[in-house]
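Structural features, examined
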Amino acid sequence: MAVAQISSLDSIRSGHRLAALLRGHDDVGSAVQAVRAALQRRPAPFDRIAAWDETVHGLFEANLGEVVVLGFLRLSEQWPAQRSAEDLIAIGCGVRDIGRSAGSRVAHALLTELSKVLPRLAGAGDLTAVLAALCQLADAGPESVGLAIGRLEQLLAHSGAEDFSAWISAGLRATGGRAVRRRAYFALDDALSARLFTLGRTGDDFARLEKRLAATMLALWNKKACFRKLPIAPTPVPRRTSLAAGLIGLPAAFPGCEGKGADTIYLAATAHAGAHLAHSVVRFPVGRLKALQLALVSLVEDARVEALALCDMPGLRRLWLPFHTVTPSVQATAAGLMMRLARALIDPDYRDSDAWVGKGRTLFAAASDRWADPAISREIGGLLGNDIGQMRLQFNAKSYVVEPAYRDDNLALWDLGDQPDAPAETIELAVDSVRIERRDDADGHSSDDNAKPDETLRARASTVTLLDGLPVATYPEWDYAAGIERIDWTTILEADAAAFATPFDPPSDTDAMRRVTKLTRDASIGRRLRHKGQPDGEVIDIDAAIALTIERRAGYVSEPRVYQRDAPGPRDLAILLLMDLSQSTADRDRAGRTILDVECKAAAIMAAAVEAANDAIAVHGFNSDGRERVRYLRIKSFDEPIDAVVRSRLAGLGSSHSTRLGAALRHAGSYLVRRRAYRKVLLVLTDGEPSDIDVPDPQYLTEDARRVVQQQRRHGIDIFAFGMGGGGFLQLDRIFGERYSLRVPRIEVLPQRVMQLYTELKK
């Protein structure tokens, strides 16, 4: 009884203090009294009235405006009876603290979002964890907290409060105190952010089906395709298959497809991608086409390649047709009509009374004798685009997504080259990999870093050209100063190297090529075989000697084969040649040759010599433009011969950007780990020291690369470096070790360095 009296006395006193504070603010004061009385009249008594009064008092004194206070009052009035009063008070205190750092707009947005997600924060400590994470972000990055609040409902729809807290903490660690990077991260314009944001949202059907899809592509189209998993899009627009730079990107999962349904849509997507690889032989120039026209030309091209595929393999219709489920409708929308046209062009039994759909079907059928010509897609798509434009139907390029779901995003069909005269609305398509542009004022300071707390706008981003490749992996990076490994710090963009019209001329240094080939053939690198029970040899075979002694004591006489001899086994060597393609390789030596020319000659000689010795060799290249853009080019795979195609790729190589060596070594090592061989060698051709635009400390990348080399060697990979040109190569010795860092100032020196390489491998 005494406790109840004290509680009542506290509530009376707090009520008086609150009323005194709100004197002169009649609207807010009357609203507070009404909500306070409603809380006290509840069937289940609200036992924290005094604390509630103090929370409203704090919100008002924080000077966040009457809108925020009234928003908290509305939330209090609608507060579920089964929820703890402590949660309501925690929300009020959290809004107050965040508002003080980030402003009243953010505080009001937080109240709005929390009212939506409150049912999902029913677990013990869930609400507290979310509020604590947002308060942490408001203290460290007030300009970004509004962006995180805007993604609150989206993330909690698929995961929990702990995931949201981890996403906030990872962002603060990864962005290094820079406002522009924080905004990119919390706006989901950062690859790491998007990947972490999607953790736990769906299963990974791609990993389960990848081998089956590769076999399907080989069986249907006789093509060895490179598949890569795309991250799940954090936007409302569903993910579609993407074809770019020789890769087929597939989502980790198709939403709504599970079990056999997932298997079917992945097979359908693979078959459709193969049809494009076989029949979409040219890329259309964008020109001055509108977004609607681009979508329609792409739709007709999808139908064209499928029609050609069905001529050879009619059974594919049973794979694709079930996904075309649209039916005629009296309400005509641009996207709806396009879905109906897509079905009409593949389903001969489909009937649609719309004149536009009928016209598209008629035009497509009339061009059946020209289906092998991609130009008909541009012609028919252009005609249909003009007609649908005259119908005044709205088309939103930002929300448009290709249907049905097994078809790809069609980005690979278009040449998106520099077009300064094209209108701004020409094409707006989602590309996963973005690079944040740092826009500097005249005084050299970033305008993004000086943004006011309330100006929580999305960071500007420029899309990475598809020729840079698809983001295929993220890797950690070692920070020697802090003594920590930054998880998922670098992003690899992988692509096939572009072929040049004229193949790279075979090296004219015939003497060097002949000597390297002889050295490679003579060097037997593989597992040695032990031959036991031999009539002669280097050591005694103990087992054979014991057996012979037993036989003689038993009265048997046999040939004394009691020696053991070791002999070289079959060659079992895999070499990955990693070429530095940074801007510094454009420097010339005294003879006028660029470092890249010397690298290409060395790569061609090594590849031809190793191939002649029946060993496996792959040739890759890399450069970087910051940690989010480590470009990795596949020039020759292990299974490809050193032919005109590979030489044309060598001829097309160019020098650009920087040298983030550690990330490239990690990715190259991932290729060697998957390769079956007794001896695995990673050979780096480089002209100097690691560097990148976002790393001011010259030792940072050197120490990271040194750590990678040590890790790879512990995993059984031999790593060597050929320092190309006449540089000092001081950092190469630090990274690879003096024994494993070999100088090649001229191509004539290559045979001696190859001899050193094989001498080390034989040890």
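See above for the structure.
Residues numbered from 1 in each chain as written. Predicted model: local features only at pLDDT ≥ 70, side-chain atom pairs only at ≥ 80, totals over all residues. Heavy atoms only, no water.

As for the overall build of the protein chain
Helix and strand counts for the protein chain stand at 27 helices and 18 strands. Long-range pairs, those at least 24 residues apart, make up 72% of the contacts in the protein chain between residues at least 6 apart in sequence. Just so you have it, the protein chain exposes about 35,700 Å², and 52% of that area is on carbon and sulfur atoms. (Helix = DSSP H or I, 4+ residues; strand = E, 2+ residues; numbered from the N terminus. Contact = heavy atoms within 4.5 Å. Areas by Shrake-Rupley, 256 points an atom, 1.4 Å probe, with all protein chains shown as cover.)

Here's the deal with the packing of helix 5 (residues 85-102) against helix 6 (residues 104-117)
The N-to-C vectors of helix 5 and helix 6 enclose an angle of 150°; their axes lie 7 Å apart at closest approach. Here helix 5 is positioned roughly antiparallel relative to helix 6, judged by the angle of their axes. Where helix 5 crosses over helix 6, the handedness of that crossing is right-handed. Residues Ile 91, Val 95, Ile 98, Gly 99 and Ala 102 of helix 5 form the contact with helix 6, whose own contacting residues are Ser 104, Val 106, Ala 107, Leu 110, Leu 111 and Leu 114. (Axes fitted to C-alpha atoms, helices over the stretch in contact; angles between N-to-C directions. Parallel < 35°, antiparallel > 145°, perpendicular 65-115°, else oblique. Left-handed = near helix turned anticlockwise from the far one by under 90°.)

Regarding the side chain of Thr 702
Structurally, Thr 702 is set in helix 25 (residues 698-714). A relative accessible area of 0% places Thr 702 in the buried class. If near-sequence neighbours (up to four positions away) are discounted, Thr 702 is found in contact with Pro 690, Gln 731, Arg 734 and Ile 735. (Buried < 20%, exposed > 50% of the residue type's maximum accessible area, 1.4 Å probe, protein only.)

Some thoughts on the sheet that holds strand 2 (residues 242-244)
Taken together, the three strands give an open sheet; going across it, the order is 1-3-2, and neighbouring strands pair in mixed fashion. Edge positions in the open sheet fall to strand 1 (226-230) and strand 2, since each of these has one partner strand only. Pairs of neighbouring strands in the sheet enclose a mean axial angle of 30°, with direction left out of account. One ladder, built from three bridges, connects strand 2 with strand 3 (residues 247-251); its direction is antiparallel. Bridge pairing in strand 3 places Ser 242 opposite Gly 249. Each of strand 1, strand 2 and strand 3 is contacted by helix 14 (residues 260-279), which is oriented at about 155° to strand 3, the strand it contacts most. (Pairing = 2+ DSSP bridges.)

Focus on the packing of aromatic side chains
Evaluation of the coordinates by the stated rule reveals ten aromatic pairs. Each ring, one from Tyr 632 and one from Tyr 671, has its centre 6.2 Å from the other, and the planes form 5°; the classification is stacked. Pair noted here: Tyr 632 is in strand 15 (residues 630-636) and Tyr 671 is in helix 24 (residues 661-673), with a separation of 39 residues, a long-range link. The structure contains a cluster of three or more aromatic residues connected by ring pairs, namely Phe 164, Trp 167, Tyr 185 and Phe 186. Positioned above the aromatic ring of Tyr 671 is the side chain of Arg 674, whose terminal nitrogen or guanidinium carbon lies 4.8 Å from the ring centre. The ring of Tyr 740 is capped by Arg 713, whose NZ or CZ atom sits 4.2 Å from the centre of that ring. (Phe/Tyr/Trp six-rings, centres within 6.5 Å; stacked < 30°, edge-to-face > 60°. Lys NZ or Arg CZ within 6 Å of the ring centre and 35° of its normal.)

Some points on the nonpolar core
Across soluble globular proteins, nonpolar side chains show a tendency to be buried alongside one another. Among the nonpolar cores identified, the biggest contains 55 residues, and Trp 52, Ile 91, Leu 134, Val 145, Phe 164 and Ile 168 are the most heavily contacted of them. Per-element accounting of this core gives the leading share, eight residues, to helix 7 (residues 126-140). Ignoring any residue separated from it by four or fewer positions in sequence, one finds Val 145 in contact with Ile 98, Ala 102, Val 106, Leu 134, Leu 137 and Ala 138. Counting 43 residues, the second-largest nonpolar core is a separate cluster that includes Ala 497, Ala 609, Val 681 and Leu 750. (Core = buried A, V, L, I, M, F, W, Y, C linked by side-chain atoms within 4.5 Å.)

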